[in-house]
Structure formats: structure tokens, C-alpha cells
Amino acid sequence: MATPKFILELRKKIGHDPLWLIGVSAYVEDADGRALLGRRSDTGEWAMVYGINEPGEEPAVTVVREVKEETGVDCVPTDLVSVKSSTQMIAYGNGDQAMYMDHLFVCRLADDGNTDPFVGDDESLNVGWFDVNDLPSPLAATTVERMGYVRQWKAGDGRALFSLQ
């Protein structure tokens with residue numbers, strides 16, 4: 001994932017020390033029930049679109065921006081599926097450390113918007129629509145986990161999933 005400018009500025013001051021960041025994930029579904037995924041350039045894994053909130057940016061706005069930037073698809077967030085905090089520190093190749101609080105949204109396609117995905121930036125190698133019962137591999141572990149949250153949410157009462165532990 002491309003590092004947002006505000007994080008690069010923070011890193012000048014704090015070096016590689018751990019950062020607590022707010023992130024979003026987008027489960028975008030088309031009319032046929034297919035999920036939008038991108039093959040990440042940094043890991044080679046297929047994954048949901050996800051990204052980091054800019055300071056002051058609403059999480060739903062971040063979802064729309066990230067989906068458009070990475071896939072060219074226009075979406076509308078309709079529901080908050082989960083709010084989950086990571087339990088492990090992520091150490092990046094350059095030594096930076098971070099943990100994330102992720103907001104997972106279900107999104108529909110925007111009326112009169114683009115529905116034909118294309119690689120929109122250098123974060124993806126490929127993008128496309130996939131049957132949720134026949135997903136490409138390798139699939140990112142975070143996407144496997146978040147797909148499980150979406151299935152659980154769809155089978156439940158429509159309330160966002162969160163933990164009290």
C-alpha cells in the first residue's frame with residue numbers, strides 16, 4: 001500500500017516506532033453477488049481493497065476514495081460490517097511498525113458509476129470481479145478473515161460485529 005504523506009511526515013519525527021492507524025476495508029459486491037478484489041503489487045496476494053484514513057477523513061469517504069483509486073470502480077458504502085483492532089504489530093520491510101483498527105464496509109455499485117475494474121495505481125497488479133465461492137489464490141489472510149466477517153454479518157441481524165474482549 002502506498003504510504004500516505006502524513007505518515008511519511010510522522011516517520012521523519014518518530015522513525016520506525018509503532019504507529020496506531022485507522023484503516024478501512026471494502027467488500028464491494030456487484031448485482032451478481034461477485035466480490036471486487038485486487039492482486040497486490042507488494043505481496044502478490046489477492047485482497048479486498050483497503051487503505052488508511054487521512055487525518056479528518058470520514059471512514060466511508062476513505063472507502064470510496066480507495067476503491068476508486070485502486071480499481072476505478074465507483075461504489076457507495078451501505079453498511080458497517082465490523083470494527084476490529086489488529087492484535088499483532090506489523091513490521092514492514094523498511095522497519096516501520098504499525099497496528100490498525102479496521103472498519104469493514106459492505107458497498108454497492110454507484111448508480112451511473114464505473115463498474116468495469118481496471119488497475120488504477122501501482123498498488124495492484126490486477127483487479128476483477130470474483131464469485132465468492134471461487135476466489136483466486138493466493139488470497140490474503142486478512143481477506144479470508146474479513147470475508148468470514150461479511151458471511152457472519154449477512155447471516156446475522158445486520159448489526160456491526162465487534163469484540164468486547
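Conventions adopted
Residues numbered from 1 in each chain as written. Predicted model: local features only at pLDDT ≥ 70, side-chain atom pairs only at ≥ 80, totals over all residues. Heavy atoms only, no water. Helix = DSSP H or I, 4+ residues; strand = E, 2+ residues; numbered from the N terminus. Buried < 20%, exposed > 50% of the residue type's maximum accessible area, 1.4 Å probe, protein only. Polar contact = N/O pair within 3.5 Å; in protein donor to acceptor, adjacent residues only side chain to side chain. Contact = heavy atoms within 4.5 Å. Salt bridge = Lys/Arg side-chain N within 4 Å of Asp/Glu carboxyl O. UniProt positions renumbered as here; feature names shortened; annotations may be inferred. Pairing = 2+ DSSP bridges.

The next subject is the side chain of Arg 146. Tracing the backbone shows Arg 146 in helix H3 (residues 141-155). The class of Arg 146 is buried, set by a relative accessible area of 14%. Of the polar contacts made by the side chain of Arg 146, one reaches the side chain of Ser 25; its length is 3.0 Å. The residues touching Arg 146, leaving out its near neighbours within four places in the chain, are Ser 25, Met 48, Tyr 50, Asp 102 and Leu 104.

Attention now goes to the pattern of salt bridges. Overall, the coordinates contain twelve salt bridges when judged by the stated rule. With a closest N to O distance of 2.6 Å, Arg 34 and Asp 30 form a salt bridge. Its salt-bridge partner being Asp 111, residue Arg 108 comes within 3.6 Å of it at the nearest N-O pair. Taking the relative accessible area as the measure of exposure, Asp 111 reaches 64% and is therefore exposed. Linked by salt bridges that have partners in common, Glu 57, Arg 65, Glu 66 and Glu 69 make up one network.

Next up on the list: the UniProt feature "domain: Nudix hydrolase" (unreviewed entry) in the protein. The positions UniProt marks with the feature "domain: Nudix hydrolase" (unreviewed entry) are residues 19-152. Between the first and last C-alpha atoms of residues 19-152 the distance is 30 Å; the span itself is 19% helix and 41% strand.

The element strand S1 (residues 19-28) is largely enclosed, with a buried count of eight among its ten residues. Note that S1 and strand S4 (residues 49-52) share four bridges and pair antiparallel. Bridging from a neighbouring strand, Val 24 pairs with Gly 51 of S4.

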